[in-house]
Amino acid sequence: MKSIFIVFVISLAVSYGWGMRGALIGGEKGAALPGALLGMFLALFSGSAYIAERFYFFAAAGAIGMAYGGFEPYAQTMGFILHRDGKDFNRKKGYLGLILKGMLWFGIAGEIVGMAFSALSGKYYPALQIVVLFLAVPFIQAIGVRIFNKPYNPKEKVFPKLYLSLTSREEWGGNLLMLIVFIAISIINKDFYAVGFSLVGMVSGAIGWVIGIFFYDVQVHPMKNGKYILGKFHKYIDGWKIMEYTLGAAGGLGFGIFFEATKGTMLKERLDVINAHGFWNPYPQHQALIAWVLFAVSLLAVFQYVKRMEKYGRAFEIFERVIFFALPAIPIFLGNGISAQLLAFSSIVFLAGQQVVFDRGEHHPKKKMLAVIYAIVLIISVILQIAFELPPVAYMLMYWIYYIIADNCLRKNWFEGSLRTVVPCFIVQGIILTLVTLFAV
């Protein structure tokens, strides 16, 4: 019964995270939220008091792992299924694309989260290998894109052979090569736990996308009799949100089942080492300095919104991937708790604020006031992390209340249209998950 409850909570957490991702921040920065929730609840339910108290390592690893899938556009891929009357309607191509992208998205997330349990035990990966591996990620992805997603010239209508969009820049090849390299490294180091986590993620991610887009498709289109499947509730139910909740729940379900099934075997081997010796920390020198320098560098991302910097948009996009996900992964996987806390808390505060102020609030009449407010919130989050080791409930409240406020602060009405069901759903999910964090440790 306990295992069923744990699997349910993990599934609910990833479902909520995916739903909120679609509400506030898209792309890789938004995907950090469901990943952080996944990692946090895995740590809380690990059965190890040591790991539960240091849950932020796994929240950070989850945020990094889930983020990589967000580099890949999928709206046009969905359009092949949803645009039944359009020239681009191609159901087989749409499902193929979403299966591939779902596999890669959740496969990478599973690999990196599983790898975190192994790496922090100090038993599987040499320190230098971890450093080189994450430093190489941007180059691995660039090579993968070059192999699988070129040529790409939309003006001349020149696209790759396997192209799963209409005009968007596809980058699934980068994630494919990254996943292959990471799995190969795990196999070489006999880390079959990470490999198993990845394979489960690939399967549950693909299934989640298929079921999610199917629900969206049948909800958004009328039946043969002209009526909608949800009847008069159609205008109050967000089909896109149903899709995100569903694919998040399916992915979380797969991860939760694998996590519980391996507690007495592969996971136990890692937990025993960690409980006996603590987290592996091969480079204890200058950890605070490294963590704070990396965090300070990440804040430079705001300069992309300076008008003179607009022409460097693509360069900033790559820069953000490195400073938010590739570089911080190195100290986190080498046992740097300050880096883990900053990524799992303050960096996510920053990403949400960045979205509200500079993206969605770009033309808001009170943009300067919003910028000041979010700067103050970020400073407070940093002070809290300096002064205290925040408990999991503090992280959950940030992932929940802060995100709901951020998502709705630019809206005139929190409960209009489909928001009448979406916002209450977020609130209920948030309450449940917050209560779990209070009693899980």
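Check the entry above for the structure.
These numbers were taken from a predicted model, which means no experiment stands behind them.

## Topic: the packing of aromatic side chains
Reasoning step 1: Enumeration according to the criterion identifies 43 aromatic pairs in this entry.
Reasoning step 2: Note on Trp-105 and Trp-209: the rings are 6.4 Å apart at their centroids and 40° apart in plane angle, and the pair reads as tilted. Linking Trp-105 in helix 6 (residues 91–119) with Trp-209 in helix 9 (residues 192–220), this pair joins segments that are 104 residues apart in sequence. Each member of the pair, Trp-105 together with Trp-209, is buried.
Reasoning step 3: With a centroid separation of 6.1 Å and an interplanar angle of 50°, the aromatic rings of Phe-214 and Phe-215 are classed as tilted.
Reasoning step 4: Judged by relative accessible area, Phe-214 falls into the partly exposed class, the value being 43%.
Reasoning step 5: Sitting over the ring of Tyr-50, Arg-54 keeps its end group 3.8 Å from the ring centre.
Reasoning step 6: The aromatic ring of Phe-71 is capped on one face by Arg-321, whose charged end is 4.1 Å from the ring centroid.

## Considering a nonpolar patch on the surface
Reasoning step 1: Together, Val-203, Ile-207, Ile-211, Phe-214 and Phe-215 make up an exposed nonpolar region whose accessible area comes to about 430 Å².
Reasoning step 2: Considering the arrangement of structural elements, one finds Val-203 in helix 9.

## Focus on the side chain of Ser-165
Reasoning step 1: Note that Ser-165 resides in the loop between helix 7 (127–148) and helix 8 (172–188).
Reasoning step 2: Judged by its relative accessible area of 3%, Ser-165 falls in the buried class.
Reasoning step 3: There is a polar contact of 2.5 Å between the side chain of Ser-165 and the side chain of Glu-170.
Reasoning step 4: Among all residues touching Ser-165, those that are not within four sequence positions of it are Gln-76, Thr-77, Phe-80, Lys-93, Lys-101 and Glu-170.

## Here's the deal with unusual backbone geometry
Reasoning step 1: Cis geometry marks the peptide bond from Lys-150 to Pro-151, where omega comes out at 0°.
Reasoning step 2: Turning to its location among the elements, Pro-151 is positioned in the loop between helix 7 and helix 8.
Reasoning step 3: Here Lys-190, not a glycine, exhibits a phi torsion of approximately 60°, which is positive.
Reasoning step 4: Here Lys-190 is to be found in the loop between helix 8 and helix 9.
Reasoning step 5: Positive phi, normally seen in glycine, also occurs at His-286, with a value near 60°.
Reasoning step 6: Overall, the relative accessible area of 60% leaves His-286 in the exposed class.

## Digging into helix 8
Reasoning step 1: Relative to the 24 Å expected for 17 residues at 1.5 Å per residue, helix 8 spans 24 Å between its end C-alpha atoms, a close match to the ideal helical length.
Reasoning step 2: The buried count for helix 8 comes to 12 of 17 residues, which makes it a mostly enclosed element.
Reasoning step 3: With its phi angle positive at about 60°, Lys-190 sits one or two positions after the end of helix 8.

## Points about the pattern of salt bridges
Proximity of charged atoms lets side chains of opposite charge pair with each other.
Reasoning step 1: By the definition in use, this model includes 14 salt bridges.
Reasoning step 2: For Arg-91, the salt bridge identified is with Asp-217, shortest N-O distance 3.5 Å. Highlighted residues: Arg-91 in helix 6 and Asp-217 in helix 9, separated in sequence by 126 residues.
Reasoning step 3: Since its relative accessible area comes to 3%, Asp-217 is described here as buried.
Reasoning step 4: Residue Arg-270 is joined to Glu-269 by a salt bridge in which the shortest nitrogen-to-oxygen separation is 3.9 Å.

About the cut-offs
- Residues numbered from 1 in each chain as written.
- Predicted model: local features only at pLDDT ≥ 70, side-chain atom pairs only at ≥ 80, totals over all residues.
- Heavy atoms only, no water.
- Phe/Tyr/Trp six-rings, centres within 6.5 Å; stacked < 30°, edge-to-face > 60°.
- Helix = DSSP H or I, 4+ residues; strand = E, 2+ residues; numbered from the N terminus.
- Buried < 20%, exposed > 50% of the residue type's maximum accessible area, 1.4 Å probe, protein only.
- Lys NZ or Arg CZ within 6 Å of the ring centre and 35° of its normal.
- Patch = residues over 30% accessible without salt bridge, like charges linked within 9 Å, V, L, I, M, F, W, Y side chains within 5 Å.
- Areas by Shrake-Rupley, 256 points an atom, 1.4 Å probe, with all protein chains shown as cover.
- Salt bridge = Lys/Arg side-chain N within 4 Å of Asp/Glu carboxyl O.
- Polar contact = N/O pair within 3.5 Å; in protein donor to acceptor, adjacent residues only side chain to side chain.
- Contact = heavy atoms within 4.5 Å.
- Expected span 1.5 Å × (residues − 1).

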